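As a plain string of letters, each chain reads:
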Amino acid sequence: MSTPPPAPSPSPAQPPVLVTRRLAPGVIEGLTAHHAVTCHDSDQAMDRADLLAAVRGRRAVLTTLDDRVDGEFLDAAGPGLAIVANHAVGHHNIDLAACAERGVLVSHTPGVLTTATADMAWALLLAATRRLGEGERLLRSGRPWTWAPNFLLGLELAGTPLGVLGMGRIGQAVARRARAFDMPVSYHNRRELAPEQADGATWRPLEELLATSTVLVVTAPLSAATRHLLDARRLALLPRGAVVVSMTAGVVDEEALAAALESGALFAAAVDNFEHEPAVPAALLAQERAVLAPHLGSATVRTRQAMGGLAVDNILAVLGGGAPVTPVTA
Ligand code: GLV
């Protein structure tokens, strides 16, 4: 019979809190005012081996989507770990069952990034429908150009049906902004929303939503049920000449999206974050009609301070003996 390895014990010199990435200005002070903190003060994610070594003996870890929190991570942390506070609304980097088994609480940052992310969805939607990326690249290339009646024509939004796939907080904020553009809005969600939340948008079954949306914005969170929900078959249900804006990595199959652009089935697409970041599929990079953003959905100073502040508040609450402010509920 082999003896189990001794559980790592917190060293008295080890600060109880680990922050795995440099935070927005002013955020870390909210933690350091109350607890000793080790911060990986860099814009790069920690190497896995460094992360596993650094997490040992901590009571709280502030993580980002790049930090995989699984059994290995939790074993490396040891039994003193009370909370993993993710600096994101998403939490697909975290094995919730493994955390629950060990009694480790998990929090995320919903609400505070809703408007910034909805604004970015609209920035991408407008860039894709009006061919802004192509126009910019053309001017910067120095190639000759001239105004012409048929030059870089885009898609007009007024009266064009908008579909929102995933009508949570961000999807609802995307839909609200559509009113200013006079677009009729439909959505698909696991459950139909109450009228005050739907705000005039019509619920449709997924395949009907796809068949009727000339512009589709994807805001459904990534989960086992939504991974590659928009595969080649479902993308083919969109009307010819549709535009897809993807705000959640992994829900749209990126290779299938590139193929639909290549074939001309789609007019344009925009993607804000990618399944295997920082890698961007070559097939998408090759598409002139793809607007590609390096995961900028929540990237404003105000929102990043609010996200960091909420992650900090979750840690303070749990280390103070209370419940997380914004727990992840399975
Ligand atoms: C995405 O960036 C998130 O916050 O989940």
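Since the model is a prediction, treat every value here as computed from it, not as a measurement.

Participant: Is there a simple way to explain the overall build of the chain in this structure?
Facilitator: Counting its secondary structure elements, the chain contains 13 helices and 12 strands. The C-alpha radius of gyration of the chain comes to 22 Å, within 12% of the 20 Å expected for a compact globule of 330 residues. Each principal axis of the C-alpha atoms in the chain carries an extent, and together these give about 75 × 50 × 45 Å. Considering only residue pairs separated by 6 or more positions, the chain has 60% of its internal contacts joining residues 24 or more positions apart. Taken as a whole, the chain presents about 16,000 Å² of accessible surface, with 56% of it coming from carbon and sulfur. Taken together, the 27 basic and 32 acidic charged side chains of the chain have centroids lying 3 Å from each other.

Participant: Is there a simple way to think about the domain arrangement of the chain in this case?
Facilitator: For the chain, the domain assignment lists domain 1 (16-110 + 301-319) and domain 2 (114-292). Computed from C-alpha atoms alone, the centre-to-centre distance between domain 1 and domain 2 is 32 Å.

Participant: Could you clarify how one ought to interpret the site of the ligand in this entry?
Facilitator: Neighbouring the ligand are Leu65, Ala88, Val89, Gly90, Leu113 and His295. Gly90 is positioned such that a nitrogen or oxygen atom in its backbone is 2.7 Å from an oxygen atom of the ligand. One of the side-chain nitrogen or oxygen atoms of His295 is found 2.6 Å away from an oxygen atom of the ligand. Burial of the ligand by the protein amounts to 79% of the accessible area it has alone, namely 200 Å².

Participant: Please explain the packing of aromatic side chains as it appears in this structure.
Facilitator: Pairs of aromatic rings are described using the distance from one ring centre to the other and the angle between the two planes. Following the criterion strictly, the structure yields two aromatic pairs and no others. Each ring, one from Trp122 and one from Phe181, has its centre 4.5 Å from the other, and the planes form 10°; the classification is stacked. Taken together, the residues Trp122 in helix α5 (residues 114-129) and Phe181 in the loop between α7 (169-178) and β7 (185-188) connect sequence positions 59 residues apart. A relative accessible area of 4% places Trp122 in the buried class. Seen from their ring centres, Trp145 and Phe151 are 6.1 Å apart, and the 20° between their planes marks the pair as stacked. In this structure, Arg289 packs its charged tip against the face of Phe267, placed 4.7 Å from the ring centre.

Participant: How should I be thinking about the environment of Ser141 in this particular structure?
Facilitator: Within the secondary structure, Ser141 is located in helix α6 (residues 132-141). In terms of polar contacts, Ser141 uses its side chain to reach the backbone carbonyl oxygen of Leu138, at 2.6 Å.

Participant: Help me out: how do you make sense of unusual backbone geometry in this one?
Facilitator: Leave glycine aside and you will find that most residues have negative phi; peptide bonds, for their part, are mostly trans. For the peptide bond that leads from Glu277 to Pro278, omega is 5°, which places it in the cis range. Phi is positive for Arg131, which is not a glycine, with a value near 60°. Taking relative accessible area as the criterion, Arg131 reaches 14% and is therefore assigned buried. Positive phi is not limited to glycine here, since Leu152 has a value of about 45°. With respect to the helices and strands, the residue Leu152 is situated in the loop between α6 and β6 (162-165). Classification of Leu152 by relative accessible area gives partly exposed; the value is 25%.

Participant: For this particular structure, what's the right way to read the environment of Val245?
Facilitator: In this structure, Val245 sits in strand β10 (residues 242-246). Here the alpha-carbon distance between Val245 and Arg130, two residues 115 residues apart in the chain, equals 13 Å. Beyond its immediate stretch of four places on either side in the chain, Val245 contacts Ala121, Leu124, Leu125, Leu216, Val217, Val218 and Ala270.

Participant: So what exactly am I meant to see when it comes to the sheet that holds strand β2 (residues 37-39) here?
Facilitator: Taken in spatial order, the five strands make up an open sheet running β2-β1-β3-β4-β5, and their pairing is parallel. The sheet terminates laterally at β2 and β5 (105-107), the two strands that pair on one side only. Strand-to-strand twist of the sheet, defined as the mean angle between neighbouring strand axes without regard to direction, takes the value 15°. In this structure, strand β1 (residues 17-19) lies alongside strand β3 (residues 60-63), joined through three bridges in parallel fashion.

Participant: Would you explain the pairing of β7 in this entry?
Facilitator: The side chains of a regular strand alternate between the sheet's two faces. Alternating positions in β7 separate into two faces, Val185 and Tyr187 on one and Ser186 and His188 on the other, with burial throughout. Here β6 runs beside β7; their pairing, made up of four bridges, is parallel. Bridging from a neighbouring strand, Gly163 pairs with Ser186 of β7. Each parallel crossover has a hand, and the one from β6 via α7 to β7 is right-handed.

Participant: I would appreciate a short explanation of the sheet that holds β6 in the present structure.
Facilitator: Either a parallel or an antiparallel arrangement is found when strands of a sheet pair, and the pairing is made through backbone hydrogen bonds. In spatial order, the strands read β8-β7-β6-β9-β10-β11-β12; together these seven strands make up an open sheet with parallel pairing. Each edge of the sheet is formed by a strand with only one pairing partner; in this case those strands are β8 (202-203) and β12 (290-292). For strand β11 (residues 266-271) and β12, the ladder comprises three bridges, and the chain directions are parallel. Along β12, the bridge assignment pairs Val271 with Leu292. Seen against the sheet, α5 touches β6, β9 (215-218), β10, β11 and β12 and runs at an angle of roughly 150° to β11. The sheet strands contacting α7 are β6, β7 and β9, and the helix crosses β6 at an angle near 170°.

Cut-off values and rules
Residues numbered from 1 in each chain as written. Predicted model: local features only at pLDDT ≥ 70, side-chain atom pairs only at ≥ 80, totals over all residues. Heavy atoms only, no water. Helix = DSSP H or I, 4+ residues; strand = E, 2+ residues; numbered from the N terminus. Rg over C-alpha atoms; globule rule 2.2 N^0.38 Å. Contact = heavy atoms within 4.5 Å. Areas by Shrake-Rupley, 256 points an atom, 1.4 Å probe, with all protein chains shown as cover. Lys, Arg positive; Asp, Glu negative; His and termini not counted. Charge placed at Lys NZ, Arg CZ, Asp CG, Glu CD. Domains from an automatic or database assignment. Near = heavy atom within 4 Å. Polar contact = N/O pair within 3.5 Å; in protein donor to acceptor, adjacent residues only side chain to side chain. Phe/Tyr/Trp six-rings, centres within 6.5 Å; stacked < 30°, edge-to-face > 60°. Buried < 20%, exposed > 50% of the residue type's maximum accessible area, 1.4 Å probe, protein only. Lys NZ or Arg CZ within 6 Å of the ring centre and 35° of its normal. Pairing = 2+ DSSP bridges. Axes fitted to C-alpha atoms, helices over the stretch in contact; angles between N-to-C directions. Right-handed = clockwise from strand over helix to strand, strands pointing away.

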